[in-house]
Amino acid sequence: MPPQAAPVLSTGNSIKLKEQGDVYLGQGNLEAAANCYRQAIAIDPNYAKAHSNLGFVFMQQGATADAEESLKRALSIDNTNADTYFMLGNLATLARGDLEQGCRYLQKAVELSADLEVAYLDWARYMKFQGKLEQVKQFLISGLEKHPSRADYHRHLGNIYQDELQFDLAANCFQRALSIYPDDADALANLGFILYKQGQSQQAHATYEKVFSCLKTATINAPNDTDLHFKLANFLTSQNRYKEAIDGYERVLTLNPEYGEARLGRGMALLVTGQFESGWEDIKDSVKYAALPPTEMPEPVWLNDADVHGKTILLHADQGLGDTIHFVRYAEQVNSLGATVYIRAQASLKSLLMTLPGVSRVFGDEEILPPFDYQCSLSNISLAFNTTLASIPAKVPYLQASADRTAYWSNEFSDFSKAKIGIVWSGNPLLRNDKYRSIHLQRLSELLITGDHHFFLLQKEIRSVDAPFLSDLKNVTDLRSHLVDFSETAAVIANLDLVITVDTSVAHLAGALGKPVWIMLPFSPDFRWLLDRNDSPWYPTARLFRQSEIGDWDSVIKDLKRALDLEFM
């Protein structure tokens, strides 16, 4: 039954109308909320908060032009509202792709509010993408000169120093933040991570226990604060305490069933613990509550709920490169139902995905699509087949390297008599959890300079902190300039004896090609690697090397070295 429209309230009080709109918004009744906000604005055209909230409703409905108009009207009345700047930043970056304008809005939101954490995270991520992170650093430094009590500035600056491997400066920033707010759970968690990096495990454990205590106390004191419960559940996830985390996400969803990030968090926690059926449902449902809706397609969504024999179905990428490689394995199953299968994916994957069995056509993400009957995002295709641990389609290889390019690289490598090993130590720095999954090259040096094997660099980007060490590694051949797309990388991997990588797209590529791949995993892994096992039901040729505690790459590297010595002795 569709939600009922809001009644026209008899009161002429714009504040009450706005508050009633907020109630409808909390219930997910967007039309009713919009109606109330419009009535409030009709009474008081200068009611900035009503304009801002109406803009948020338009964002939820995908009406980006109307949303921008309402939000800009709100700013013309009140230019001190951080939430309005934040929403305009989201519209500029996500809806229009205007990173420069979006970053200006997001920076203003950061200046206005110490509590809008997500605004800083988005701003820093987009600035990093543009190569402007140094500007963020200088903004924080100058900001602290004017506002030394901004604990959030100290914490954010500490994170930048941490990425630069300046651990002492980072720790100092986190300690300054804690001197202002001793119970700042984020600063405590960051300090704990630094202590692990510095080998102070005992102090790190104590710090993490304090994080848990602070968050737990906060949720007891504010039992209906969904954001606090969500933060506690996320922290428990980072500690591999998944049962408690799932309970935490469920508490959030009990208070607010439309808290999309909590539904996604619960879904991921269910998947990593092997509870696939419930996990896939949560992943699917979480999309409904995103800040901006996904790109709409008029064709019906297919979840194996309609006969597709003789029909055409589009499987389209909606996540990262690794996720695309991971989920395209299902194309053959869809084709076996009698469907013609199209795939739309990132352009760098196009030529590689043309080797998929059961696929008729592959389109880059900017190409115009021909007509089709049904569509399904790749992140939902596992749900369509009710995938369980026992029914994972794990037949490899399901991707193939080009025969011509494989022959070319075979000739290029003919002079290498040692075991040939591909290496990847870092992934996309824009990923929010990248600091947990990527390794700095210096820590891998012992592995790369010893043994009877030669390494080939398979990652496209080298970070500035790693570049000085790469030139000293005589046992590593840099192939970056040759890796023009994933098809070329596949041809290189086809000629290697082994790939060693962190959890990036190359891990999925090697697994999909059926090549031996050893994957270095953080303490709290991505859902597909599950827990407490060194193999993968998704990739039969994969071997997993897991951290035993947060940040502990040393034991992983030691295990890798031991395994290499046994494999190529």
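Reading guide: rules and limits
- Residues numbered from 1 in each chain as written.
- Predicted model: local features only at pLDDT ≥ 70, side-chain atom pairs only at ≥ 80, totals over all residues.
- Heavy atoms only, no water.
- Helix = DSSP H or I, 4+ residues; strand = E, 2+ residues; numbered from the N terminus.
- Rg over C-alpha atoms; globule rule 2.2 N^0.38 Å.
- Buried < 20%, exposed > 50% of the residue type's maximum accessible area, 1.4 Å probe, protein only.
- Contact = heavy atoms within 4.5 Å.
- Areas by Shrake-Rupley, 256 points an atom, 1.4 Å probe, with all protein chains shown as cover.
- Lys, Arg positive; Asp, Glu negative; His and termini not counted.
- Charge placed at Lys NZ, Arg CZ, Asp CG, Glu CD.
- pLDDT = per-residue confidence, 0-100.
- Expected span 1.5 Å × (residues − 1).
- Arc of directions from axis to C-beta.
- Phe/Tyr/Trp six-rings, centres within 6.5 Å; stacked < 30°, edge-to-face > 60°.
- Lys NZ or Arg CZ within 6 Å of the ring centre and 35° of its normal.
- Salt bridge = Lys/Arg side-chain N within 4 Å of Asp/Glu carboxyl O.
- Axes fitted to C-alpha atoms, helices over the stretch in contact; angles between N-to-C directions.
- Parallel < 35°, antiparallel > 145°, perpendicular 65-115°, else oblique.
- Left-handed = near helix turned anticlockwise from the far one by under 90°.
- Nonpolar A, V, L, I, M, F, W, Y, C, P; charged D, E, K, R; others polar.

Looking at the overall build of the protein
Part 1: Helices and strands together make up the secondary structure of the protein, namely 27 helices and 10 strands.
Part 2: A compact globule built from 569 residues should have a C-alpha radius of gyration of about 25 Å, and the protein, at 25 Å, falls within 12% of that.
Part 3: Oriented by its inertia axes, the alpha-carbon framework of the protein measures out at about 85 × 65 × 40 Å.
Part 4: Buried residues in the protein amount to 51% of all 569 residues.
Part 5: Within the protein, contacts between residues separated by at least 24 positions form 61% of all contacts whose residues are at least 6 apart in sequence.
Part 6: Element-wise, carbon and sulfur atoms account for 50% of the exposed surface of the protein, whose accessible area totals about 25500 Å².
Part 7: When the 53 basic and 70 acidic side-chain charges of the protein are each reduced to a single mean position, those positions are 2 Å apart.

Digging into the confidence of the model for the protein
Part 1: A residue-level look at the protein finds 96% of positions with pLDDT of 70 or above and a mean pLDDT of 91.
Part 2: In this model residues 1-11 is a low-confidence stretch, pLDDT under 50, and it forms 16 contacts with partners more than four residues away in sequence or in other chains.
Part 3: Ignoring residues within four places in sequence, the model shows residues 289-293, a span with pLDDT below 50, making 15 contacts including any to other chains.

Here we look at helix H14 (residues 242-255)
Part 1: The terminal C-alpha atoms of H14, which comprises 14 residues, lie 20 Å apart, in line with the 20 Å expected from a rise of 1.5 Å per residue.
Part 2: Every buried residue belonging to H14 is among Tyr242, Ala245, Ile246, Gly248, Tyr249, Val252 and Leu253, and all of these are buried. Along the axis of H14, the buried positions cluster into a sector of 160°, meaning they face one direction only. The outward face of H14, more than 90 degrees from its buried face, is lined by the exposed residues Lys243 and Thr254.

Concerning the packing of aromatic side chains
Working definition: an aromatic ring pair is given by the centre-to-centre distance plus the angle between the planes.
Part 1: Summed over the entire model, instances satisfying the criterion amount to 22 aromatic pairs.
Part 2: Between Tyr120 and Trp123, the aromatic rings sit 6.1 Å apart at their centres with planes inclined by 75°, giving edge-to-face as the arrangement. Residue Tyr120 and its partner Trp123 are both found in helix H7 (residues 117-129); the two are separated by three residues, about one turn of the helix. Residues Tyr120 and Trp123 agree in their burial class; the two are buried.
Part 3: What links up through ring pairs into an aromatic cluster is the set Phe276, Trp280, Phe327, Phe527 and Trp538.
Part 4: Taking the ring centre of Tyr126 as reference, the NZ or CZ of Arg125 above it sits at 5.3 Å.
Part 5: In this structure, Arg361 packs its charged tip against the face of Tyr342, placed 5.9 Å from the ring centre.

A look at helix H4 (residues 64-77)
Part 1: With 14 residues, H4 ought to run about 20 Å at 1.5 Å a step, and its terminal C-alpha atoms sit 20 Å apart, in line with that.
Part 2: Listing the buried residues of H4 in full gives Ala67, Glu68, Ser70, Leu71, Ala74 and Leu75. Projected down its long axis, H4 carries its buried residues within an arc of 165°, all on one side. The exposed set on the far side of H4, more than 90 degrees from its buried face, consists of Ala65, Glu69 and Ser76.
Part 3: If you follow the buried residues of H4, they end up packed against helix H3 (48-61), helix H5 (82-95) and helix H6 (99-112).

As for the pattern of salt bridges
Part 1: Applying the stated criterion across every chain yields a total of 29 salt bridges.
Part 2: Its salt-bridge partner being Lys108, residue Glu111 comes within 3.8 Å of it at the nearest N-O pair. Residue Glu111 and its partner Lys108 are both found in helix H6; the two are separated by three residues, about one turn of the helix.
Part 3: A relative accessible area of 35% means that Glu111 is categorised as partly exposed.
Part 4: A salt bridge links Arg150 to Asp152; the nearest nitrogen and oxygen atoms lie 2.8 Å apart.
Part 5: When salt bridges that share partners are traced, they join Glu68, Lys72, Arg96 and Asp98 into one network.

Comments concerning the environment of His508
Part 1: With respect to the helices, strands and loops of the structure, His508 is situated in helix H26 (residues 505-512).
Part 2: Residue His508 is classed as buried on the basis of its relative accessible area, which comes to 3%.
Part 3: The spacing of His508 and Asn534 is 26 residues in sequence and 16 Å in space, taken between C-alpha atoms.
Part 4: In this view, His508 contacts Gly322, Ile325, His326, Asp503, Arg528, Trp529 and Tyr539; residues no more than four positions away in its chain are not counted.

Here we look at the side chain of Lys18
Part 1: By the element assignment, Lys18 lies in helix H1 (residues 14-26).
Part 2: Given a relative accessible area of 12%, Lys18 falls into the buried group.

Observations concerning the packing of H5 against H6
Part 1: Between H5 and H6, the least distance of the axes is 8 Å, while the angle of their chain directions is 160°. Compared by their axis directions, H5 and H6 come out roughly antiparallel. You can see that H5 and H6 cross each other, and the crossing is left-handed. On H6, the residues that touch Ala82, Tyr85, Phe86, Leu88, Gly89, Ala92 and Thr93 of H5 are Leu99, Gln101, Gly102, Tyr105, Leu106, Lys108, Ala109 and Leu112.
Part 2: Here the residues of the contact of H5 with H6 sort into 10 nonpolar, four polar and one charged.

What about the environment of Leu169?
Part 1: In this fold, Leu169 is placed in helix H10 (residues 167-180).
Part 2: Judged by its relative accessible area of 37%, Leu169 falls in the partly exposed class.
Part 3: For the pair Leu169 and Arg104, spaced 65 residues apart in sequence, the C-alpha separation works out to 28 Å.

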